[in-house]
Amino acid sequence: MPLWAEAGGWGLLAGSSLVLGAAAGWWVRVPAPVVAGVMAFGAGVLVSAMAFELVDEAERSGGLAPTVLGFLVGAVCYVAANALLARRGAQHRKRSGGRQPSEAQAQGSGLAIAVGALLDGVPESVVLGLSLFDGGIGTTVLAAVFVSNFPEGLSSSVGMRRAGRSAGYVFGVWGGIAVVSGLAALVGNLVLDDASPGMVAAITAVAAGAILTMIADTMIPEAFERTHVLTGLITAVGFLFAFVLDRVGG
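In this convention, every chain numbers its residues from 1, walking through the sequence in written order. Where totals are concerned, whole chains, interfaces and linings use all residues; where local detail is concerned, this predicted model gives features only for residues with pLDDT of at least 70, and gives and counts side-chain atom pairs only at 80 or more. Hydrogens and water molecules were not included; the side-chain quantities draw on all heavy atoms of the structure.

**Quick look at the UniProt feature "transmembrane region" (unreviewed entry) in the chain**
- UniProt positions are given in the numbering used here, feature names are shortened, and annotations may be inferred rather than shown by experiment. When the UniProt feature table is mapped onto this chain numbering, "transmembrane region" (unreviewed entry) sits at residues 7-28, 34-52, 64-85, 168-192, 198-216 and 228-245.
- The span residues 34-52 shows a helical share of 100% and a strand share of 0%, and its end C-alpha atoms are spaced 27 Å apart.
- For residues 168-192, helix accounts for 96% and strand for 0%, while the C-alpha atoms at its two ends are 35 Å apart. Comment: elements are numbered from the N terminus, with helices defined as DSSP H or I runs of at least four residues and strands as E runs of at least two.

What follows is the structure, encoded as structure tokens:
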């Protein structure tokens, strides 16, 4: 199987967790503290993978300067895009409580929420595609994306349901993003097949910066709202889970 096709398959697999989470949020009445706890755990997993698998590897292969620059660019671009979407009604897209606006309350918010969810998922998928250049899929990154996607889909779909969104909208959004995740991993692998280590490192760092900013802006607030003092502990457990997985798998 061509490497780019394999990257697309892994990206689709990771993205499918969003659909599973959305299904759980739509059909199962999951207690809000459980949703928040899973979100905190997923945030810790992503932070660990971002630190040990992405930033560290980017610095080793491409150098400190491209890594720092790329990381800052990713963070700034995510903040700018997120701020624009927030003004259009997507600020609370990962919230399971009654904070997501309905279309009647904020015209165009449905599209903004969908674009925001896409903004959150693409950097992770690109990283999955790039990880294959090291001789195989990055197991820790794949596990981190899959585990963190589930609570994202779950929490957001609960909020969408409470805002009066239809099942077609909810599953259309998350199913579409799962497909785009596969395409993003495929394209990232295909386009950067002949790229220099410095270029790959810089793009990996851009994705890492966007991911960390996304965690701080969207995942941690949802987790803290319900788990409060336990948020840090649950996030730390998620961090350790990914760290141990990386060391055992390596």
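**Digging into the side chain of Ser148**
- Turning to its location among the elements, Ser148 is positioned in helix α5 (residues 139-162).
- From its side chain, Ser148 meets the backbone oxygen of Ala144 in a polar contact 2.8 Å long.
- If near-sequence neighbours (up to four positions away) are discounted, Ser148 is found in contact with Gly42, Leu46, Glu124 and Met219. Polar contacts, as used here, are pairs of N or O atoms within 3.5 Å; protein pairs need one atom able to donate a hydrogen and one able to accept it. Residues neighboring in sequence count only if both atoms are side-chain atoms. Contacts are assigned to residue pairs that have any heavy atoms within 4.5 Å of one another.

**Side note on the packing of helix α2 (residues 32-62) against helix α7 (residues 197-227)**
- To define axes, lines are fitted to C-alpha atoms, for helices over the stretch in contact only, and angles between the resulting N-to-C directions are given on a 0 to 180 degree scale. The N-to-C vectors of α2 and α7 enclose an angle of 160°; their axes lie 8 Å apart at closest approach. Viewed along their axes, α2 and α7 adopt a mutual orientation that is roughly antiparallel. Crossing hand, α2 versus α7: left-handed.
- The class makeup of the residues in the contact of α2 with α7 is 23 nonpolar, 7 polar and 2 charged. Orientation categories follow fixed angle ranges, with anything under 35 degrees roughly parallel, anything over 145 roughly antiparallel, 65 to 115 roughly perpendicular, and all other angles oblique. Throughout, a crossing is termed right-handed when the near helix is turned clockwise from the far one, and left-handed when it is turned anticlockwise from it by less than a right angle. The nonpolar class holds Ala, Val, Leu, Ile, Met, Phe, Trp, Tyr, Cys and Pro. Asp, Glu, Lys and Arg form the charged class, and all remaining residues, Gly among them, are polar.

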